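Architecture at a glance
So the chains spell out like this:
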Amino acid sequence: MNMTDEEFERIYGRKPYKKQKKVKIYWGRIIAAAVILILVIYLIVKAITGVYSLIKGDKNDTSDSKAKTASAAAAGTKAKKNKEDVSEYEPTITVAEGSITVCIDAGHGDYDGGTTDSTGTRFEKTDNLKIALEVQKKLEAMGVNVVMTRDDDTFVDLGDRCEIANDAKADLFVSLHRNSYDGDISGVEIWVNNAEPEYDTMLGQNIMDKLASVGISDNRGVQYGYVGNPGVNYYINADTVMPSCLVELGFLTVEEDNRLFDEHLEDYGRAIAEGIVKTAYDIGLVDSDGNRAISEQLLSAEKHINRAEDDSQEPTPAGSFETDTDGEVYNTQENEYY
Ligand SMILES: [Zn+2]
């Protein structure tokens, strides 16, 4: 019998039961899908743990790179700061442009390395040049005409250094050095001619005061003559005709002094420059408006006389002295020319 669903419903009052279609199960596809799912889950877990271990394992590296980034940023800031300093540095004390001439002498140079630190790798000549260039920059910003005895790693004879200053008719002369001593001594010393000339002493004292205000490990004061022998003078304090001084900017043999030197290089440069310009005002080389007040080159008369007397007396300095190939006498103990 063949009847439609409608006929069946009319006769039996219900819809006919229909044989359910047998659902075909594709086991192969299910297994394949399961395998793929497991594989995907495995890969996800693996990826997560991989990323986690990467983060965990890189923690030090991350902080390193953070530090690197920070230092790079700091370096960037510093570079920017220095750049700003060049253009935006505003000195607190100035003179009329070119009204005075100052000679800055970076001690030693080339094969004459000066003294060294305890490792023998840091040379005085390099530090001297660094601070000299810094002083030059600040002085020029203050309106001073600056003459350098050297502005690179070259050797300049002591006599030539004095001649450069004298010929340039420099009004003031400042020689920059770093000290050394095999013992418990640190700090800054400033050496002046043993005739104790007033202007030279003022120059040394003003520079010392400014350096001390920046921060030094010890103020060893303005001293006269030569280390270990007040009866003679450092060459440059004897043969220059203008007021002069020799700054020993901390001991290369003392770690703290080296740290201070490195940290305060720019501030020390500014301090020395300020000390020099303040001296120009104090001794009346310039008037209160910063204009040149004397017509001639400033001379250190007292030092001049002292040098003449010394020449006639031919003083013999104490210590272990030798003569180098250029005929310069130097102290082998202090490794310091005089
Ligand atoms: Zn020196």
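Residues numbered from 1 in each chain as written. Predicted model: local features only at pLDDT ≥ 70, side-chain atom pairs only at ≥ 80, totals over all residues. Heavy atoms only, no water.

The next subject is the sheet that holds strand β2 (residues 145–148). If you trace the 6 strands from one edge of the open sheet to the other, you get β2-β1-β3-β6-β4-β5, paired in mixed fashion. Two strands bound the open sheet, and with one partner strand each, they are β2 and β5 (219–224). Averaged over all neighbouring strand pairs, the angle between strand axes comes to 20°, with direction disregarded. Bridge count between strand β3 (residues 172–179) and strand β6 (residues 244–251): 6 bridges; the pairing is parallel. In the sheet register, Val174 faces β6, and the bridge partner there is Cys245. Against the sheet, helix α4 (residues 124–141) contacts β1 (101–106), β2, β3 and β6, and its axis sits at roughly 145° relative to β3. Along the sheet face, helix α8 (residues 255–263) touches β3 and β6 and points at about 115° away from the line of β6. (Pairing = 2+ DSSP bridges. Helix = DSSP H or I, 4+ residues; strand = E, 2+ residues; numbered from the N terminus. Axes fitted to C-alpha atoms, helices over the stretch in contact; angles between N-to-C directions. Contact = heavy atoms within 4.5 Å.)

We now examine the packing of α4 against helix α9 (residues 265–282). Packing of α4 against α9 brings their axes to within 8 Å, and their N-to-C directions diverge by 55°. The angle between α4 and α9 falls in the class oblique. By crossing handedness, the relation of α4 to α9 is classed as right-handed. Across the interface between the two elements, Lys130, Ile131, Glu134, Val135, Lys138 and Leu139 from α4 touch Leu265, Glu266, Tyr268, Gly269, Arg270, Ile272, Ala273, Ile276 and Val277 from α9. Here the contact of α4 with α9 is composed, by residue class, of 9 nonpolar, 1 polar and 5 charged. (Parallel < 35°, antiparallel > 145°, perpendicular 65-115°, else oblique. Left-handed = near helix turned anticlockwise from the far one by under 90°. Nonpolar A, V, L, I, M, F, W, Y, C, P; charged D, E, K, R; others polar.)

Take the environment of Glu140 next. Along the chain, the position of Glu140 falls in helix α4. Along the backbone, Glu140 and Val102 are 38 residues apart, and their C-alpha atoms lie at a distance of 9.9 Å. Setting aside residues up to four positions removed in sequence, Glu140 forms contacts with Glu97 and Val146.

With that settled, the discussion passes to unusual backbone geometry. At His108, a position not held by glycine, the phi torsion is positive, near 65°. With respect to the helices, strands and loops of the structure, His108 is situated in the loop between β1 and α4.

The subject of this paragraph is α4. The end-to-end C-alpha distance of α4 is 26 Å, a good match for the 26 Å that 18 residues give at a rise of 1.5 Å each. Along α4, the residues classified as buried are Glu124, Lys125, Asp127, Asn128, Leu129, Ile131, Ala132, Glu134, Val135, Gln136, Lys138 and Leu139. Where α4 terminates, the next one or two residues include Gly143, which has phi positive at roughly 100°. (Expected span 1.5 Å × (residues − 1). Buried < 20%, exposed > 50% of the residue type's maximum accessible area, 1.4 Å probe, protein only.)

Here we come to the nonpolar core. Of all hydrophobic cores here, the largest spans 44 residues; its most connected members are Ile104, Leu139, Ile207, Leu211, Val247 and Ile276. Formed by 15 residues, the second largest nonpolar core is a distinct cluster that contains Val147, Cys162, Ala165 and Tyr234. (Core = buried A, V, L, I, M, F, W, Y, C linked by side-chain atoms within 4.5 Å.)

In this section: the pairing of β5. With 4 bridges connecting them, strand β4 (residues 188–192) and β5 associate as parallel partners. Along β5, the bridge assignment pairs Ile190 with Val222. Of the crossover connections in this fold, the one passing from β4 over helix α6 (residues 198–214) to the parallel β5 is right-handed. (Right-handed = clockwise from strand over helix to strand, strands pointing away.)

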